[in-house]
Amino acid sequence: MTLPRLDEEPAGVEAWEESPDSLNCLMIQAARGHRTLMAGLLAELDLYPGQERTLTLLWEYGPQPQNVLARLIGIDMSTMTKTLQRLERSGFVSRAPSPANRRVSIVSSTPKGDALRPEVERVLAEVHRRMIGGLSPEQAGELTLLLKVVRNNLCGEEACDTSPCLPGDTMC
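Note that the structure is a prediction, hence the values are computed from the model and not measured. (Residues numbered from 1 in each chain as written. Predicted model: local features only at pLDDT ≥ 70, side-chain atom pairs only at ≥ 80, totals over all residues. Heavy atoms only, no water.)

*Asks:* Where do I start with a nonpolar patch on the surface in this structure?
*Replies:* Taken together, the side chains of Met27, Leu135, Leu143 and Leu147 make up a nonpolar region of the molecular surface, amounting to roughly 290 Å² of accessible area. Structurally, Met27 is set in helix α1 (residues 23-43). (Patch = residues over 30% accessible without salt bridge, like charges linked within 9 Å, V, L, I, M, F, W, Y side chains within 5 Å. Areas by Shrake-Rupley, 256 points an atom, 1.4 Å probe, with all protein chains shown as cover. Salt bridge = Lys/Arg side-chain N within 4 Å of Asp/Glu carboxyl O. Helix = DSSP H or I, 4+ residues; strand = E, 2+ residues; numbered from the N terminus.)

This is how it looks when you write it as structure tokens:
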């Protein structure tokens, strides 16, 4: 994907306005609000944001190689390793060498991890409920379609970076 040069204004695109109501600021604020809400609700379960995605994949697809989980979630192996170390310390997952290739770790949800499933599903439902509060079902559907377009515009043919926002990221 070729990005426009910073000294060129793309044709047919409104200039970005430095205002709290600009699209850029609203997107940043919505993403941060989502992350803050998710982090707060997951903390009640002794989980960090992103760990619920790992558990959800294990619940849906069963034990998986560590590298497959990283690819499905869209994170690098070092981030996946750190995520799994935390989940292991909490007793929510276990890792064992693959019988076919001992260099590959197979990740499984533990009974303690499985017991979290209804609570994680409750958290995800609550986040969804709050995101679409005040929207009609039609508006919620349109928002989903519009966000897919925005995501595809930003990602192009490449996978989007799903790593968390870090302190010092550009703010409005």
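*Asks:* Whenever I open this one, the packing of aromatic side chains confuses me. Can you help?
*Replies:* Each pair of aromatic rings is reported with the distance of its centres and the angle of its planes. In total, this model carries zero aromatic pairs according to the counting rule given. Lying over the aromatic face of Tyr48, Arg86 brings its terminal NZ or CZ to 4.1 Å of the ring centre. (Phe/Tyr/Trp six-rings, centres within 6.5 Å; stacked < 30°, edge-to-face > 60°. Lys NZ or Arg CZ within 6 Å of the ring centre and 35° of its normal.)

*Asks:* Could you clarify how one ought to interpret helix α2 (residues 51-61) in this entry?
*Replies:* Residues that lie three or four places apart on an α-helix share one face, since the helix turns once every 3.6 residues. For α2, the set of buried residues is Gln51, Glu52, Thr54, Leu55, Leu57, Leu58 and Trp59. Where α2 terminates, the next one or two residues include Gly62, which has phi positive at roughly 80°. (Buried < 20%, exposed > 50% of the residue type's maximum accessible area, 1.4 Å probe, protein only.)

*Asks:* What am I meant to see in unusual backbone geometry here?
*Replies:* The bulk of non-glycine residues show a negative phi, and the bulk of peptide bonds are trans. Non-glycine residue Asp46 carries a positive phi angle of around 65°. Position of Asp46 among the secondary structure elements: in the loop between α1 and α2. On the basis of relative accessibility, which here comes to 47%, the residue Asp46 falls in the partly exposed class.

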